Amino acid sequence: QVQLVESGGGLVQAGGSLTLSCTASGNIFSINTMGWYRQAPGKQRDLVATTASGGNSNYADSVKGRFTISRDNAKNTVYLQMNNLKPEDTALYYCNADLIPYRDRDHQYRYWGQGTQVTVSS
């Protein structure tokens, strides 16, 4: 069984910082892209940032210059350092990984974590 588990969310004042982490576990052959998405109530789930195994990263315009995504491939872990948080960043943050499991080497699957809540007060 493959699982993604996030941690690090919480309540923070505007201008503050939080660091999220997500670890993938299970019988994984390889992990390609890992990333973070977020969803506020009544809104769609939107991309925050992604990072590929080759090193390329991708950010939503709204977080560029404030958030940094990184990964530790040896630990199957992705991080999101969030600085200068704004109330608009309030959402449930989901980790995702596009990976190939040992059970099916012919296909790539997208897995999601359970989400961690980030709330930014004014």
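Before any of the text, the structure's been laid out above.
Residues numbered from 1 in each chain as written. Predicted model: local features only at pLDDT ≥ 70, side-chain atom pairs only at ≥ 80, totals over all residues. Heavy atoms only, no water.

A. Inspection of the sheet that holds strand 3 (residues 18–25) at higher detail. Reading across the sheet, the four strands line up as 1-3-8-7 and stay open at both edges, with antiparallel pairing between neighbours. Across the chains shown, the open sheet's two edge strands, defined by having one partner strand only, are strand 1 (3–7) and strand 7 (67–72). Averaged over all pairs of adjacent strands, the angle between their axes in this sheet comes to 15 degrees, without regard to strand direction. For strand 7 and strand 8 (residues 77–82), the ladder comprises six bridges, and the chain directions are antiparallel. Considered in strand 8, the bridge of F67 is made with M82. (Pairing = 2+ DSSP bridges. Helix = DSSP H or I, 4+ residues; strand = E, 2+ residues; numbered from the N terminus. Axes fitted to C-alpha atoms, helices over the stretch in contact; angles between N-to-C directions.)

B. Region of the structure containing the state of the cysteines. Following the criterion strictly, the structure yields one disulfide and no others. Note that C22 is cross-linked by a disulfide to C95, the S-S spacing being 2.0 Å. Judged by the sign of its S-S torsion, about -80 degrees, the bond between C22 and C95 is left-handed. Here C22 is found in strand 3, whereas its partner C95 is found in strand 9 (residues 91–101), with 73 residues between them in sequence. The exposure class assigned to C22 is buried, which follows from its relative accessible area of 0%. (Disulfide = S-S within 2.5 Å. Buried < 20%, exposed > 50% of the residue type's maximum accessible area, 1.4 Å probe, protein only.)

C. Region of interest: the pairing of strand 9. Counting buried positions along strand 9 gives ten out of eleven residues, so the element sits mostly inside the fold. Pairing of strand 4 (residues 28–39) with strand 9, which is carried by nine bridges, proceeds in the antiparallel orientation. Considered in strand 9, the bridge of Q39 is made with L92. As judged from the three bridges shared by strand 9 and strand 11 (residues 116–121), these two strands associate in the antiparallel manner.

D. Inspection of the environment of V118 at higher detail. Mapping V118 onto the fold places it in strand 11. A residue is classified by how much of its surface remains accessible, and V118, at 0% relative accessible area, is buried. In the structure, V118 is positioned 109 residues away from G9 in sequence and 4.9 Å away in space, judged by C-alpha atoms. Here V118 is in contact with G9, G10, L18, L20, M82, D89, T90, A91 and Y93, once residues within four sequence places are set aside. (Contact = heavy atoms within 4.5 Å.)

E. Here's a closer look at the side chain of T51. Relative to the elements of secondary structure, T51 occurs in strand 5 (residues 46–51). A relative accessible area of 6% means that T51 is categorised as buried. Apart from the residues lying within four places of it in its own chain, the contact partners of T51 are N32, T33, M34, N56, S57, I69, R71 and V78.

F. Layout of the packing of aromatic side chains. Tallied over the entire structure, the rule returns three aromatic pairs. Aromatic side chains F29 and Y102 sit 5.8 Å apart centroid to centroid with 75 degrees between the ring planes, which places their arrangement in the edge-to-face category. One end of the pair, F29, is in strand 4; the other, Y102, is in the loop between strand 9 and strand 10 (109–112), with 73 residues separating them in the sequence. Judged by its relative accessible area of 37%, F29 is partly exposed. Judged by centre distance (6.4 Å) and plane angle (50 degrees), the rings of Y109 and Y111 are tilted. The exposure class assigned to Y109 is partly exposed, which follows from its relative accessible area of 26%. The side chain of R45 reaches across the aromatic face of Y94, ending 3.7 Å from its centre. (Phe/Tyr/Trp six-rings, centres within 6.5 Å; stacked < 30°, edge-to-face > 60°. Lys NZ or Arg CZ within 6 Å of the ring centre and 35° of its normal.)

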